[in-house]
Amino acid sequence: MTFLKIDNASKTYSGARALDGAHLEIAAGEVHALMGENGAGKSTLIKILAGVTAPDTLSISRDGVPIGLHGTADAFKHGFRFIHQELNIVAHLSVAENILLGHPYPTRLLGAVDWKKLNQLARAALDRLGVQHIDVRLKAARLSTGDRMLMKIASTLVADENQTARLYVMDEPTAALSGTESEKLFEVIRQLRQTGAAVLYVSHRMNEVMALCDRVTVLRDGRTVASKKLVDTSKGEIIRLMTGRDVKDAYPARAADITDRQVIEVKHVKTQRIDNINFTLNEGEILGVGGLAEAGQSALLQVLLGIDTVVKGRVDYPDGTISGPRDAWRHKLAYVPKERREEGLMLRRSIIDNINLAHLEKLSALGGVMSRKKERENAAGLSRQVQLKAAGLNQPCHQLSGGNQQKVVFARALGDVPRLLLLDEPTRGVDVGAKFDIYTLIRTMSSEGCAVIMTSSDLPELLGMCDRILIMRSGKQVDIVPTAGTTAADLLTLFYHQE
Ligand SMILES: Nc1ncnc2c1ncn2[C@@H]1O[C@H](COP(=O)(O)OP(=O)(O)OP(=O)(O)O)[C@@H](O)[C@H]1O
Ligand SMILES: [Mg+2]
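Okay, so let's go over this structure.

1. Some points on the site of ligand 1
With respect to spatial proximity, 18 residues lie near ligand 1, and among them Gly 39, Lys 42, Thr 44, Ser 401 and Gly 403 are the closest. Within the side chain of Asn 38, a nitrogen or oxygen atom sits 3.0 Å from an oxygen atom of ligand 1. Gly 41 is positioned such that a nitrogen or oxygen atom in its backbone is 2.9 Å from an oxygen atom of ligand 1. In the complex, the protein chains occlude 90% of the 640 Å² of accessible area that ligand 1 would expose alone. Of all the secondary structure elements, the ones that give two or more residues to the shell around ligand 1 are helix 1 (42-49) and helix 13 (402-413). The residue inventory of the shell around ligand 1, partitioned by class, reads 4 nonpolar, 12 polar and 2 charged.

2. A short note on the coordination of the magnesium ion (ligand 2)
Looking at the magnesium ion (ligand 2), the protein donor atoms are Ser 43 (OG) and Gln 85 (OE1), and they sit 2.0 to 2.2 Å from it. Taken together, the residues span a long stretch of sequence, with Ser 43 in helix 1 and Gln 85 in the loop between strand 6 (80-83) and helix 3 (95-100) at a distance of 42 residues. What makes Gln 85 partly exposed here is its relative accessible area of 21%.

3. A look at helix 12 (residues 372-385)
Helix length check: helix 12 (14 residues) gives 20 Å between terminal C-alpha atoms against 20 Å at 1.5 Å per residue, within 8%. A positive phi of about 55° marks Gln 387, the residue just after helix 12.

4. Comments concerning the pattern of salt bridges
Any two side chains of opposite charge can pair, on the condition that their charged atoms come close. Using the criterion set out here, one finds 25 salt bridges in the structure. A salt bridge links Arg 123 to Asp 127; its shortest N-O distance comes to 3.3 Å. A residue pair is termed a helical-turn pair when its members lie 3 or 4 positions apart in one helix, as Arg 123 and Asp 127 do in helix 4 (residues 115-128) at 4 residues. By relative accessible area, Arg 123 is classed as partly exposed at 23%. A salt bridge links Arg 330 to Asp 327; its shortest N-O distance comes to 2.8 Å. The class for Arg 330 is partly exposed, based on a relative accessible area of 38%. Three or more residues joined by partner-sharing salt bridges are found here, namely Arg 17, Asp 20 and Arg 223.

Thresholds applied
Throughout, a residue's number is its position along its own chain's written sequence, starting from 1. Starting at A for chains and at 1 for ligands, labels are handed out in the order in which the entities are written. In keeping with the predicted nature of the model, local features appear solely for residues at pLDDT of at least 70, side-chain atom pairs appear and are counted solely at 80 or more, and the whole-chain, interface and lining totals rest on all residues. Processing note: side-chain calculations cover all non-hydrogen atoms of the structure and skip hydrogens and water entirely. Proximity is defined per residue: if any heavy atom of the residue lies within 4 Å of a molecule or strand, that residue is considered near it. Throughout this description, a polar contact denotes any pair of N or O atoms lying within 3.5 Å of each other; where both atoms belong to protein, one of them has to be capable of donating a hydrogen while the other can accept it, and for residues adjacent in sequence the pair is counted only when both atoms sit in side chains. Residue exposure ignores everything except the shown protein chains as possible cover, and the areas themselves are Shrake-Rupley values with a 1.4 Å probe. A run of H or I in DSSP becomes a helix once it reaches four residues, and a run of E becomes a strand once it reaches two; helices and strands are each numbered from the N terminus. Each residue receives one of three labels: charged for Asp, Glu, Lys and Arg, nonpolar for Ala, Val, Leu, Ile, Met, Phe, Trp, Tyr, Cys and Pro, and polar for the others, Gly being one of them. Coordination partners: N, O, S within 2.8 Å of the metal, 3.2 Å for Na, K and Ca; water not considered, so apparent gaps in a site are possible. Think of it in three bands: with a 1.4 Å probe and only protein chains considered, a residue is buried below 20% of the maximum accessible area for its type, exposed above 50%, and partly exposed in between. Helix span, as expected, comes to 1.5 Å for every residue beyond the first. Salt bridges are identified by distance alone: a Lys or Arg side-chain nitrogen within 4 Å of an Asp or Glu carboxyl oxygen.

The structure is reproduced here in structure tokens:
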């Protein structure tokens, strides 16, 4: 039975068409995947449904009855619950208040907020996700990205006495979650389906969608190109529908040998967050860094960049040690951080400015300035390399789709061929087509002599791209294994191994 029917959804942003008459039909008790390349219009459709964005045209009916959506309160009233792609948390409020945000607060007689009840409701919502480790009284500002996501998910699961929630909309909920946390979420989604609720699910992870969803609707350039039952389609077909081309579901092969020229030597390094880091890396080599969530992968990259200080041991580059991140250009290091929205981008500034940022630092250190024309050429070339989809290079980055924001940071890192490229979860939130492009770029750079260190929570990606994998557990390096002959199961065993 059709629960929700959306027709003729259109939205144009200052000349750029984000949605162009898209349609979507969701049945009750169904997990419905919404797929499409970066910039296809998924989040725009979701924001319209949430009453956050006003559409140019839209007809929508619920249980066969036309409804209006004139704000977030309308969406809530119709039983729609949202986990948006951008985690809009209120940093100075507690976790519990963030979880209850948008819900009616429990009150005592005379209308005062019942804080105890509020904390209990929030606790119960987290319990439903099997999350014990978050204290609901903490300020949200203190949570890690993964925990913020869990908090946002919990917010949609707050028990409502009248059972009014009918549709859960999740825009890339697993992008910042570990494998176990994702599994737990899938379990909850399956329970929701059993109660007759519908779930609209956005993800760039094909395997997740294949395992979890009943039906998929594919958007391309703001239009609905197909809606199919998952049993009647395949990964290959979905990718073709999304991209209009065949994309190899594989990893490009290495094109040149590893040289014997060393790029970095890390000896017994200890910082506040990690310990016992020990390896060397040569030109052309790709080292993966793997482990369970927050085992120290990002912290490892950060000490190499001079962001974290070395407490014991040394990090040696051919040109000596690094004094801080501002010294990175001198050692020819490039870095793509994990929290690209927060760490990587000046959201109000243009694509051109953001791409040229790294080079500006270098130029100003050398006393030079880049001409506007040169900047434009530089930005144009690099954004083509990462297949950036934008209205123009002067577009401010906050207007880009989530995946395209990531590509801007990536484009910047590729600026002048680095000697060592540090990538923190390089393909998180990136669509399948662009993923393959990024893999190809990494390969090209490494065959030109660049060494690469990349963290990833995607095991096939680690195995497909890297020569060796450094395994971390609770902040410590526990092993380095060659990829040849290693399986995903072997890696997991190493990640989980109990001391
Ligand atoms: N506020 C805005 N101003 C201008 N253009 C916008 C704005 N928000 C989105 N767009 C544009 O609308 C198009 C669709 O974006 P949307 O965020 O819906 O994509 P998406 O399918 O969610 O992509 P992703 O997988 O990268 O999250 C993009 O081209 C984007 O640049
Ligand atoms: Mg999006």
